[in-house]
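Topology and contacts: notes
The lines below spell out each chain.
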Amino acid sequence: MMDLLMNQMHQFYQENPMMVVSTIMLAVTYIYYTLAVVSKPKLHCRKDTALHSLLDSLSIMHEVYRPTFWCWEPRLQSMLAMFIRQTIPDIKYKRELFSFSDGGEVGLDWMKKVDGGPEQPIVLLLPGITGSSQSEYMKVLVNVACDEARARCVVFNFRGRGGLGLKSPRTYCAANSDDLSEILDHLKLNYPNAPVVAVGISLGGIILGNYLTDQGEAARDKMLAAMLISVCFDTFEGTKSLETPGLNLLLNRHLATTLVESIKEVKGHFEKNKAWDLDQVFSSKTVREFDSRFTSKMFGYKSVAEYYGACRLHSKVEAIKVPTLAINAEDDPFQPGDSIPTEGANRSSHLAILATKYGGHVGFMEGWMPNGYFYSDRVFSQYIQAVVSNKDMLM
C-alpha cells in the first residue's frame, strides 16, 4: 500500500514538477511568515500614566499585526502602499491662504463632512518631506478622521507645496517649528473651543516632535494630543540607512531629485543669495548633499551635522508634555529599529511608541488584498476617537 502511494506521488511529481516545487515553497514561506513575521507590536509606554491607560483600552493594541503575506519587505511595503493608495480620489478641500509674520504664505486645506459646531475636534496634519494635502497617505488619514472620528481636518501644506509657489525666500526644515507655531496660534485664536490633535507623518512628524520638545508644557495650551507616524527619531542613523547601497540609496536619490526640482521651480528667490551655489545644489544626488548645500545654510547652521543634530529627537523625547503616540516599523529604512528611543518612551510621562516588526515607511499594509486602509490607519482611527472622547482624562 505504501509502495503504491509512493509510486503515485513520484508519478505526480514527474508530471507536475513546477506545481510540486511551488507548493512546497509556498508552504515553507507561509510557515516562516506565521512564526517569524506575524507578531504583536510592542507598546513602549510608562505604565503609570493616563496615556498608557487610554492606549490599553484600544482593541488594536491587543492584536497581532499581519503584514501582507506576499509583501512584507520594507521597501516594497512602502512603494506598493503608495501605489495602492493612489487609487483614492482627490479630496475637494476648502483652501485658506495663511500669511506668516515674515510675509511667507501657505495653503491650509480644510475638510469636514459633518458640522459639529464650535467644539468639533480639529485634526491638524503635517505631510512628509515632499508631500501635500493630496498625497495618498494624507487622503486616507483625512477620510478616516472625518468619517470615523467625525472631526474636521486641516492639512498644513509646507512653504512651496500644495500648488502654491514661494512668497518669500524661505522654505522649511525638520528642525524649525516656527511656522507650525504660528499655525497653532491661528487655530487657537479662531477655534478657541475646539480640541486640536496634531498628526505628523515622516518629516512632518519631526517638525511636530521638535515643536513638542521645544515647547514642553506650553504646548498643552495649543493641542490636546499628538501622533507621529513613521518619524525618524535619529537623523544621523536614518540618513546613514538611506545611504546604504541598493534600494535604500535609490530611494534616497529619488527624494533628492524631488527636492532639487522643487528649488529649481522657485530659483528666482535664491539666485542672488551668496550663501549657496545653486549649481552645486542642483547637482545634489542624495538628501544629505542637498541638506549640506542648501537646507542647513538656509536656516543658519554651520554644517549639515549641526543641522541633523538640531533635528534629532532621540535624546529629547522626555521633554514631550502633550500625550503623544508614535507608530514605527522596526524595518523602516528611514528609521532603523535599533535607534528608536524605546527606553526614552518607557521613562516618558507623555510619549508612547508602538513598534511593529514589519511595515516599512508609511506602509503598514495588511491583508491578502490590501485596499488602501492599513494597520497604521486603524491605529490612527482608534487613537483619535479615544482622545476626543476622553479629553478630561488627558488634560
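Because the structure is a prediction, the values reported are computed rather than measured. (Residues numbered from 1 in each chain as written. Predicted model: local features only at pLDDT ≥ 70, side-chain atom pairs only at ≥ 80, totals over all residues. Heavy atoms only, no water.)

As judged from the 6 bridges shared by strand β2 (residues 94-99) and strand β3 (residues 105-111), these two strands associate in the antiparallel manner. Looking at β3, one finds that arginine 95 is bridged to aspartate 109. Linking β2 back to β3 in an antiparallel pair, the connection comprises 5 residues, with glycine 103 at a positive phi of about 95 degrees. (Pairing = 2+ DSSP bridges. Helix = DSSP H or I, 4+ residues; strand = E, 2+ residues; numbered from the N terminus.)

Turning to its location among the elements, asparagine 328 is positioned in strand β8 (residues 324-329). The exposure class of asparagine 328 is buried, given its relative accessible area of 0%. The residues contacting asparagine 328, other than those within four sequence positions of it, are Ser230, Val231, Phe233, Gln335, Ile340, Ile353, Leu354, Ala355, Thr356 and Phe364. (Buried < 20%, exposed > 50% of the residue type's maximum accessible area, 1.4 Å probe, protein only. Contact = heavy atoms within 4.5 Å.)

Moving on, we come to the pairing of β3. Taking burial as the measure, the 7 residues of β3 include 7 buried ones, the bulk of the element. Burial of the side chains of β3 extends over both faces: Glu105, Gly107, Asp109 and Met111 are buried on one face and Val106, Leu108 and Trp110 on the other. With 4 bridges connecting them, β3 and strand β5 (residues 152-156) associate as antiparallel partners. Looking at β5, one finds that tryptophan 110 is bridged to valine 154.

Another aspect to go through is the environment of valine 197. Among the secondary structure elements, valine 197 is positioned in strand β6 (residues 196-201). Residue valine 197 is classed as buried on the basis of its relative accessible area of 1%. Each C-alpha atom, one on valine 197 and one on serine 168, is 29 Å from the other, the two residues being 29 residues apart in sequence. With near-sequence residues (within four places) excluded, valine 197 lies in contact with Ile122, Val123, Leu124, Ala225, Ala226, Ile384, Val387 and Val388.

A contiguous nonpolar patch, built from Tyr30, Trp70, Trp368 and Met369 and spanning about 550 Å² of accessible area, is present on the exposed surface. Mapped onto the secondary structure, tryptophan 70 falls in the loop between α3 (50-56) and α4 (74-85). Under the relative-accessibility criterion, tryptophan 70 is labelled partly exposed at 46%. (Patch = residues over 30% accessible without salt bridge, like charges linked within 9 Å, V, L, I, M, F, W, Y side chains within 5 Å. Areas by Shrake-Rupley, 256 points an atom, 1.4 Å probe, with all protein chains shown as cover. Salt bridge = Lys/Arg side-chain N within 4 Å of Asp/Glu carboxyl O.)

Moving on: the sheet that holds β6. If you trace the 9 strands from one edge of the open sheet to the other, you get β1-β9-β8-β7-β6-β4-β5-β3-β2, paired in mixed fashion. Strand pairing shows two members of the sheet lacking a second neighbour, β1 (42-44) and β2, which therefore form its edges. Adjacent strand axes in the sheet meet at a mean angle of 20 degrees, parallel and antiparallel pairs treated alike. One ladder, built from 5 bridges, connects β6 with strand β7 (residues 225-229); its direction is parallel. Across the sheet, the residue bridging to alanine 198 is alanine 226, located in β7. (Axes fitted to C-alpha atoms, helices over the stretch in contact; angles between N-to-C directions.)

Attention now goes to the packing of aromatic side chains. On inspection of all chains with the given rule, the structure shows 14 aromatic pairs. Residues phenylalanine 69 and tryptophan 368 carry aromatic rings whose centres are separated by 5.0 Å and whose planes lie at 40 degrees to one another, so their mutual orientation is tilted. Note that phenylalanine 69 is positioned in the loop between α3 and α4 and tryptophan 368 in the loop between β9 (351-356) and α14 (375-389), a separation of 299 residues in sequence. The exposed category is assigned to tryptophan 368, whose relative accessible area is 54%. Judged by centre distance (5.2 Å) and plane angle (80 degrees), the rings of phenylalanine 98 and phenylalanine 100 are edge-to-face. Its relative accessible area of 9% is what places phenylalanine 98 among the buried residues. Taken together, the ring pairs connect Phe98, Phe100, Phe156, Phe158 and Tyr172 into an aromatic cluster. Over the face of the ring belonging to phenylalanine 282 we find lysine 264, whose NZ or CZ atom lies 5.6 Å from the ring centre. (Phe/Tyr/Trp six-rings, centres within 6.5 Å; stacked < 30°, edge-to-face > 60°. Lys NZ or Arg CZ within 6 Å of the ring centre and 35° of its normal.)

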